[in-house]
Amino acid sequence: MAVILVLGAMALFGLIDNFMRLAAETGGLWQFHLLRSAVALVVLFPMALVLRIRLRPLRPLHVAGRSCLNATAMVIYFGCLGYMPISQAVAGLFTAPIFVVIFSVLFFGETVGLRRTIAVLLGFLGIMLVLRPDAAGIGALTFLPIAAGATYAMGNIATRRWCGGEGTLTLLAAFFTCMLIFGGLGSVILTLYPVPVPAGADGFAVRGWVQPDGIFGLMIVIQGIGSLIGVGLLIRAYQLADATFVAVFENALLVSATIWAMILWGEVPDMIGLTGLLMVGGAGVIIAFRTGAPQTVRAALPEEGAL
């Protein structure tokens with residue numbers, strides 16, 4: 001049942017994330033996060049009230065710091081969805097377990113065995129095959145997906161080290177509240193101090209407030225509700241089975257996002273790109289088994305005992 005739930009969540013995330021390119025045509029990144037988070041919180045707060053679950057965190061500053069890291073990662077990730085193939089954006093996000101290993105060594109003095117060292121090297125080689133940066137056209141945007149993975153890794157570390165004992169709905173509420181604030185600030189700044197906005201998806205990250213109608217409004221609702229459903233499935237999966245076991249199956253998002261992109265947009269990765277995706281996913285599997293703790297990519301859940 002846990003496998004079915006986590007695969008269902010990854011299939012859902014892969015589907016709804018594929019439609020972000022449509023939202024990017026006419027909408028703005030910051031407005032999207034503002035309204036998406038509002039939709040999620042409108043559903044989440046009554047749910048907590050009915051279930052009589054307390055949402056106030058035990059350590060507000062720690063939860064706020066963790067939420068800021070994860071929210072920053074999601075801003076970068078969704079920004080990438082607007083201008084690059086989803087397989088590249090998802091592969092960048094899935095470098096998070098690799099960065100968890102690197103940061104744990106650099107900042108916390110943890111030792112890493114041969115298998116995880118190989119996994120880190122395998123993962124970075126894989127992401128290079130997926131992104132295939134051209135020396136002539138290389139720039140900051142090329143490595144934005146990796147920045148999302150690195151930031152999310154810091155959020156995952158914060159979840160484990162700062163947020164033990166915090167409830168899952170508490171962390172979800174704090175995360176979406178932080179996203180709401182980020183989205184609101186970005187929308188206000190770009191509306192008051194507009195910058196030149198390229199046409200179509202190229203203007204997604206710098207577009208101010210627009211009327212959220214048509215496909216953009218629909219995507220806000222779908223993403224808000226879909227994210228809650230997907231994370232809910234993940235939460236239940238982590239309650240039913242060992243966290244390390246469940247985390248391995250989160251790599252199915254790489255497959256799901258790629259398959260939906262093939263079905264919806266005809267984006268078929270070549271053999272080099274497909275090999276890179278398999279290498280990134282394989283690195284995540286090795287790290288999950290060797291670490292013995294969840295390295296979740298979309299939910300950033302608390303440790304198993306806190307669920």
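Not measured: the values here are computed from a predicted model.

**Student:** Can you walk me through the layout of surface pockets in this structure?
**Tutor:** Rolled over the atoms, a probe with the dimensions of a water molecule shows which regions are left empty. As a volume, the largest pocket reaches approximately 240 Å³. Lining the largest pocket are 14 residues, and of these Gly79, Tyr83, Leu141, Leu144 and Ala205 sit closest to its centre. If you tally residues by element for the lining of the largest pocket, the top one is helix α4 (residues 60–81), at four residues. By residue class, the composition of the lining of the largest pocket is eleven nonpolar, two polar and one charged. The calculated volume of the second largest pocket comes to roughly 190 Å³. If you go around the second largest pocket, you meet 13 residues; those closest to its centre are Leu254, Val255, Leu274, Leu277 and Leu278. Going through the elements one at a time, α12 (252–265) and α13 (271–291) are the ones with two or more residues in the lining of the second largest pocket. Looking at the lining of the second largest pocket, the element that brings in the most residues is α12, giving six residues. Its residues assigned to classes, the lining of the second largest pocket comprises nine nonpolar, four polar and no charged.

**Student:** I would appreciate a short explanation of the packing of aromatic side chains in the present structure.
**Tutor:** Aromatic rings considered in pairs are described by the distance between their centres and by the relative angle of their planes. Summed over the entire model, instances satisfying the criterion amount to seven aromatic pairs. Seen from their ring centres, Phe19 and Trp265 are 6.0 Å apart, and the 80° between their planes marks the pair as edge-to-face. With a gap of 246 residues between them, Phe19 in the loop between α1 (2–18) and α2 (20–26) and Trp265 in helix α12 connect regions that are remote in the sequence. On the accessibility criterion, Phe19 (23% relative accessible area) is partly exposed. Where Phe103 meets Phe107, the ring centres are 5.8 Å apart and the plane angle is 35°; that geometry is what we call tilted. In this pair, Phe103 and Phe107 both sit in helix α6 (residues 96–108), four residues apart, roughly one turn of the helix. Looking at Phe103, the relative accessible area reads 12%, which means it is buried. Residue Phe107 is classed as exposed on the basis of its relative accessible area of 57%.

**Student:** So what exactly am I meant to see when it comes to the pattern of salt bridges here?
**Tutor:** Summed over the entire model, instances satisfying the criterion amount to two salt bridges. One salt bridge in this structure joins Glu267 and Arg21, with 2.7 Å as the shortest N-O distance. Pair noted here: Glu267 is in the loop between α12 and α13 and Arg21 is in helix α2, with a separation of 246 residues, a long-range link. The exposure class of Glu267 is partly exposed, given its relative accessible area of 23%. Between Arg161 and Glu110 there is a salt bridge; the shortest N-O distance is 3.1 Å. With Arg161 in helix α8 (residues 144–162) and Glu110 in the loop between α6 and α7 (114–131), the pair connects residues that are 51 residues apart, well separated along the chain. A relative accessible area of 29% means that Glu110 is categorised as partly exposed.

**Student:** What is the right way to look at the packing of helix α3 (residues 29–51) against helix α9 (residues 168–192) in this model?
**Tutor:** How two helices pack is summed up by the angle between their axes together with the distance between the axes. Where α3 meets α9, the axes come as close as 7 Å, and the angle between the chain directions of the two elements is 150°. Taken as axis vectors, α3 and α9 run roughly antiparallel relative to one another. Seen along the crossing, α3 lies across α9 with a hand that is left-handed. Looking at side-chain class alone, the contact of α3 with α9 contains 14 nonpolar, eight polar and one charged residues.

**Student:** What is the right way to look at a nonpolar patch on the surface in this model?
**Tutor:** On the surface, Val43, Met47, Val50, Leu51, Ile53, Val221, Ile225 and Ile229 cluster together to form a nonpolar patch covering roughly 650 Å² of accessible area. Elements that contribute at least two residues to the nonpolar patch include exactly α3 and α10 (214–240). Among the elements that make up the nonpolar patch, the one with the highest residue count is α3 (four residues). Tracing the sequence through the fold places Ile225 in helix α10.

**Student:** What am I meant to see in the packing of α6 against α8 here?
**Tutor:** One can describe the packing of α6 onto α8 by two numbers: an axis separation of 8 Å at closest approach and a directional angle of 60°. Taken together, α6 and α8 sit at an angle that is classed as oblique. Where α6 crosses over α8, the two elements pack in a sense that is right-handed. Residues Ala96, Phe99, Val100, Phe103, Ser104 and Phe108 of α6 form the contact with α8, whose participating residues are Ile146, Gly149, Ala150, Tyr152, Ala153, Met154, Asn156, Ile157, Arg160 and Arg161. Partitioning the contact of α6 with α8 into residue classes produces eleven nonpolar, three polar and two charged.

Analysis parameters
Residues numbered from 1 in each chain as written. Predicted model: local features only at pLDDT ≥ 70, side-chain atom pairs only at ≥ 80, totals over all residues. Heavy atoms only, no water. 1 Å grid on protein atoms, 1.4 Å probe; cavity = no way out; pocket = protein on both sides within 12 Å on 5 of 7 lines; lining within 4 Å. Points joined across faces, edges and corners; volume = space filled by probe spheres on them. Helix = DSSP H or I, 4+ residues; strand = E, 2+ residues; numbered from the N terminus. Nonpolar A, V, L, I, M, F, W, Y, C, P; charged D, E, K, R; others polar. Phe/Tyr/Trp six-rings, centres within 6.5 Å; stacked < 30°, edge-to-face > 60°. Buried < 20%, exposed > 50% of the residue type's maximum accessible area, 1.4 Å probe, protein only. Salt bridge = Lys/Arg side-chain N within 4 Å of Asp/Glu carboxyl O. Axes fitted to C-alpha atoms, helices over the stretch in contact; angles between N-to-C directions. Parallel < 35°, antiparallel > 145°, perpendicular 65-115°, else oblique. Left-handed = near helix turned anticlockwise from the far one by under 90°. Patch = residues over 30% accessible without salt bridge, like charges linked within 9 Å, V, L, I, M, F, W, Y side chains within 5 Å. Areas by Shrake-Rupley, 256 points an atom, 1.4 Å probe, with all protein chains shown as cover. Contact = heavy atoms within 4.5 Å.

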